[in-house]
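Remarks on the overall topology
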Amino acid sequence: MIDNASIESLKNSIDIVDVIGNFVELRKAGANYKANCPFHGEKTPSFVVSPSKQIYHCFGCLAPHEKIRTSKGLKPISDIKIGDVVYTSSGKETKVIEVLKHKPQYGMLKFKTDLINEWSHFTQNHDMVIVKKEDIVECLPYVRVEKTRPLKFYGRIKKNQSYKTDLLKSKVIFADDVNKGDYFLYPVDRDILTDKTLDVSSYWKKNNFGPNVSKIETISFSKDLMWLFGMYVAEGSTYRGGIKFSLHRNEKNYAKKIITTLKKVFSKEATIFLPKDRANSLEVTCSSTNLEHIFVALFLKGAENKSYPYMFNYLSKELRESLFQGLMDGDGCYSRRTYKTISKILSQQLMDLAISLEKIPALYTEKEYIDKKGVFHKDTFTLLFHKRESLKGFFETIHGTRYLFMRVKEIENAPKEEYVYDITVEDKTHTFLTKNFIVGNCGVGGDSIKFVMELEKLSYPEAIEKLASMFNFSLSYTKGSSDYSDAKRVLEAIQTWYVKNLEHNQVAKQYLQDRGIAQSSIQRFGIGYVPDGNSVMNFLNSALLPLPKALDAGVIAQGEGGRYYARLVERITFPIFSASGAAVGFGGRTITNHPAKYINSPQTKLFNKSRLFYGYDLAKESIYKNKKLIVCEGYLDVVMFHQAGFTEAVASMGTAPYSGASAFA
């Protein structure tokens, strides 16, 4: 194991600009540096390196009008400030610790789901939290592929069959990698507020009260109160000096409940009024200037502005259920399972409320229009609450959190924005909740070690050793662990010597030419040649390479009498590299008709054939980018595949390579 003090010393001795500059071309941009992102294959720079912070970031962003769910309600991301409280993928609160605004370097994409008929806008490289369609089919027994249809949802299996979702996981991918049929997620779970009262003392500033009037300072939360609030949002309004509820005359039971609740909660009297000019109408009126001001502050004025404090959606479940019932009793249609409003904010609040109660809402918008009678109708927002789960939307638990899964219905290119925005949150998940689903934030980034790990697909120790090699830094290892630096030095030196030998051996060069191997492929794969055994031993001695270390590296072997001899003789050599690009062994192909056509290095501490793939160091970028792997039989097959443009090709080194192949862990 690498000593921690050695790792810290390495970190302090290297500069992230020098590290990343070895892999991509950096350009100065003020105090920072910019580059085309090596992770996204972009043509314009959004990859930022900070010398002062010794970190890198790759920023995907949102359109300025895209709304984020905060503890104070929905806010356009362009209005988000450091310190604002937003929600993570698990529904928990987290603070915004950084905001970003810049000109977009990518095109824009917009998404719709089957449940929400409105667009969400992101740059093509923004991180999206999704569950892939193929993972749904593989991990959920109630979603199946049928012969007569692509997919079918079996609600009975979901309801009655015991199953586990341990293998089902969400993924963070770029927006332009999301496909129709994938699923966005919306958390059901949330941090529940334990507030017992609501402070309303500041909602009425008047100092002169009548002799029998006391100012309302606080309101205690109760199921009756939340039902009343829901009913007011649906059917309530204010007048000078009071509040009123407009109902149908068949709704006298609701009227009586309103009167009883006003008396119980606020100690206010209310009366029923029957308008003579509206035969089907009924009004409940309550004269109280104090309530007038409280209700205006809480719920605003005008039907198109109606909303309620967003924190209501984070109260206990029984209080949320009462709020929902009040809303539905007022403006909902139980038989059609719908709720209509001309307030867009209210429709988005109610969508979140319904999901928290495990109801499946679908949101539709009807644009403003003038009917045949010349009556103007404003934009109308309709929420339909589905009776059953389906492929369009269903609830499931992953990572210990309950989610509504919403299927992606449409993906289109969107108009370019002058500026785009993103945020970084305090929570380690680096996620936040937009108006419609969870996404990632610009927390994607890290230090020099993480950059090498991500770019080279290396483990943490491999990345440390790669950096140490790049900057000629000597690592120290903890007691009991081995330092293989001498063996690595032998392998590097012998590989350089093999390559030089090929230049002077016409037979080997002609063999490769006859097999169709181009000179560029010879150089790319480091193909070489090893002559007779004496030449190998002479090289090791002249290069002052210790023979015991050459033995550890598998370059030579030792006979019964203790005599050292070369393992590979008169063969074309194919160096085998680890994922980090370090030589760990060799394969040799005879050109002298030796009965053993191919010989590999023996098993060593560096060379474990069951955990290695020939060519992986050159293929890994294509494998991860294209999500495809081609496994060949031999070394020359791999070279030829790469030469033909199939750069995902590798070759296994031994039996059962997939059971422990660390390259794909």
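Figured I'd write up the structure that's included with this text.

1. Some remarks on the overall build of the chain
If you tally the helices and strands in the chain, you get 18 helices and 42 strands. By the compact-globule yardstick of 26 Å for 665 residues, the chain is too spread out, its C-alpha radius of gyration being 34 Å. Considered along the principal axes of its C-alpha atoms, the chain spans approximately 115 × 60 × 45 Å. Considering the chain as a whole, with its 665 residues, one finds that 48% of them fall into the buried category. By sequence separation, contacts in the chain at least 24 residues apart represent 66% of the contacts at least 6 residues apart. In the structure as shown, the chain presents an accessible area of about 32,700 Å², 49% of it carried by carbon and sulfur atoms. Charge centroids of the chain, computed over 92 positive and 73 negative side chains, lie 6 Å from each other.

2. What to know about helix H17 (residues 616-626)
Here H17 has its buried residues at Tyr616, Asp617, Ala619, Lys620, Ser622 and Ile623. Once H17 ends, the next one or two residues include Lys627, with phi positive near 55 degrees.

3. Some words on the packing of aromatic side chains
Counted by the stated rule, this structure contains 36 aromatic pairs. The interplanar angle of 35 degrees and the centroid separation of 6.0 Å between the aromatic rings of Phe122 and Phe437 together place this pair among those described as tilted. Residue Phe122 is found in strand E10 (residues 120-123), and its partner Phe437 is found in the loop between strand E31 (431-433) and strand E32 (438-440); the two are separated by 315 residues along the sequence. Overall, the relative accessible area of 0% leaves Phe122 in the buried class.

4. Quick word on the environment of Pro548
Relative to the elements of secondary structure, Pro548 occurs in helix H16 (residues 547-552). With a relative accessible area of 45%, Pro548 lands in the partly exposed category. Once the C-alpha coordinates of Pro548 and Gln558 are considered, the two residues, ten residues apart in sequence, prove to be 9.4 Å apart.

5. Remarks on the sheet that holds strand E21 (residues 281-287)
Strands sit in the order E18-E19-E21-E20 across an open sheet of four strands; the sheet is antiparallel. Both edges of this open sheet fall to strand E18 (236-239) and strand E20 (271-273), since each of them pairs with a single strand only. Recorded for the sheet is a direction-independent mean angle of 30 degrees between the axes of neighbouring strands. For strand E19 (residues 242-248) and E21, the ladder comprises seven bridges, and the chain directions are antiparallel. Following the sheet pairing, Gly242 is matched in E21 by Ser287.

6. Let's talk about the packing of helix H10 (residues 448-456) against helix H11 (residues 460-470)
In the contact formed by H10 and H11, the axes pass within 9 Å of each other and the chain directions differ by 110 degrees. One finds that H10 runs roughly perpendicular with respect to H11. Residues Ser448, Ile449, Val452, Met453 and Glu456 of H10 pack against Tyr460, Ala463, Ile464, Lys466 and Leu467 of H11. Residues that form the contact of H10 with H11 fall into these classes: seven nonpolar, one polar and two charged.

7. Details of the environment of Leu629
By the element assignment, Leu629 lies in the loop between H17 and strand E41 (630-632). Take Leu629: its relative accessible area is 33%, and that puts it in the partly exposed class. Put simply, Leu629 and Ile464 are 165 residues apart on the chain and 27 Å apart in space, counted from C-alpha to C-alpha.

Quick notes on the rules
Residues numbered from 1 in each chain as written. Predicted model: local features only at pLDDT ≥ 70, side-chain atom pairs only at ≥ 80, totals over all residues. Heavy atoms only, no water. Helix = DSSP H or I, 4+ residues; strand = E, 2+ residues; numbered from the N terminus. Rg over C-alpha atoms; globule rule 2.2 N^0.38 Å. Buried < 20%, exposed > 50% of the residue type's maximum accessible area, 1.4 Å probe, protein only. Contact = heavy atoms within 4.5 Å. Areas by Shrake-Rupley, 256 points an atom, 1.4 Å probe, with all protein chains shown as cover. Lys, Arg positive; Asp, Glu negative; His and termini not counted. Charge placed at Lys NZ, Arg CZ, Asp CG, Glu CD. Phe/Tyr/Trp six-rings, centres within 6.5 Å; stacked < 30°, edge-to-face > 60°. Pairing = 2+ DSSP bridges. Axes fitted to C-alpha atoms, helices over the stretch in contact; angles between N-to-C directions. Parallel < 35°, antiparallel > 145°, perpendicular 65-115°, else oblique. Nonpolar A, V, L, I, M, F, W, Y, C, P; charged D, E, K, R; others polar.

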